[in-house]
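Results of the structural survey
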Amino acid sequence: MFSSSDGTKRGRILLLAKAPEPNKVKTRLIPVLGAQGAAELQKRLIRNALHRVVRDGMPRTELWCAPDSEHPFFRDLECEYSVTLRDQTGGDLGARMLAAAREGLAEAEYVILLGTDSPELSPRLIRRALDALSGGRDAVIVPAHDGGYVLLGLSRLQEGLFRDMPWGTDRVLEETRRRLVRFGFSQEELSPCGDLDRPEDLKRLCERGGSEIRDLLRDLYPKKA
């Protein structure tokens, strides 16, 4: 299953992830999980995301690492999943996404940018996004329930999609939609997914999720998992 080769080499999946350091990741969940628990959840989310994208029939996956790719956890994943490690560069999230998209589109016809925070983002939905891009769409979005997005696919680059964006707010999705129209992008929007960022997200996922979600949270959120 862990094969990320793409016979046509047309697409590229760019997975952005932060190193699982206590007190630096999933900080809004620390009151519920503790600093070590939040870092452990980050590890599980990264592995979960890789498990969904590094498989037969998917394009090549690159793991874009912050603050860099030297963390031992990332090095272990490089061997385990045969992914290419890349260093995130730039200041805010938009700058880092822009840098990754620019490099990806220099080598592939289209790219999928996604993070690790949405265990509800299924391989089927990712393949639908890839199909939209290979079918000629300039952009494809999977919205997040909180007003952002969990996946952005592009077949051409426009820096304005990433600069001066109100990251971390509920205005990101709507602003991205407006900019895609302004820049003349043909676009497709797929079914929304939830993020796992806040304590209420833990409760929602435990109530709605199946065995995979329960395994993800096992021993971290014992009241519900």
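Preceding block: the structure.
What you are looking at is a predicted structure, and each value in this text was computed from that prediction instead of being measured.

So, how was this worked out
- Residues numbered from 1 in each chain as written.
- Predicted model: local features only at pLDDT ≥ 70, side-chain atom pairs only at ≥ 80, totals over all residues.
- Heavy atoms only, no water.
- Phe/Tyr/Trp six-rings, centres within 6.5 Å; stacked < 30°, edge-to-face > 60°.
- Buried < 20%, exposed > 50% of the residue type's maximum accessible area, 1.4 Å probe, protein only.
- Lys NZ or Arg CZ within 6 Å of the ring centre and 35° of its normal.
- Pairing = 2+ DSSP bridges.
- Helix = DSSP H or I, 4+ residues; strand = E, 2+ residues; numbered from the N terminus.
- Axes fitted to C-alpha atoms, helices over the stretch in contact; angles between N-to-C directions.
- Parallel < 35°, antiparallel > 145°, perpendicular 65-115°, else oblique.
- Left-handed = near helix turned anticlockwise from the far one by under 90°.
- Contact = heavy atoms within 4.5 Å.
- Nonpolar A, V, L, I, M, F, W, Y, C, P; charged D, E, K, R; others polar.

**Focus on the packing of aromatic side chains**
Enumeration according to the criterion identifies one aromatic pair in this entry. Pairing Phe-73 with Phe-74 gives two aromatic rings, centres 6.2 Å apart and planes at 50 degrees, and the pair type is tilted. Each member of the pair, Phe-73 together with Phe-74, is buried. Above the plane of the ring of Phe-185 lies Arg-156, whose end atom (NZ or CZ) is 3.8 Å from the centre. The lysine or arginine in question, Arg-182, covers the ring of Phe-183, its NZ or CZ lying 5.4 Å from the ring centre.

**Here's the deal with the sheet that holds strand E4 (residues 110–114)**
The strand order across the open sheet built from seven strands is E3-E2-E1-E4-E6-E5-E7, with neighbouring strands paired in mixed fashion. Both edges of this open sheet fall to strand E3 (84–87) and strand E7 (187–189), since each of them pairs with a single strand only. Each adjacent strand pair in this sheet contributes to an overall mean axis angle of 20 degrees, direction not counted. Alignment of strand E1 (residues 11–18) against strand E2 (residues 60–66), held across seven bridges, turns out to be parallel. The residue of E2 that forms the bridge with Leu-15 is Leu-63.

**A few points about the packing of helix H1 (residues 30–53) against helix H2 (residues 72–81)**
Between H1 and H2, the shortest axis-to-axis distance is 12 Å and the interhelical angle comes to 25 degrees. Judged by the angle between their axes, H1 and H2 are roughly parallel. In the packing of H1 onto H2, the handedness of the crossing is right-handed. Within the contact between the two elements, H1 uses Lys-43, Ile-46, Arg-47, Leu-50 and His-51 and H2 uses Phe-73, Phe-74, Leu-77, Glu-80 and Tyr-81. The class makeup of the residues in the contact of H1 with H2 is six nonpolar, one polar and three charged.

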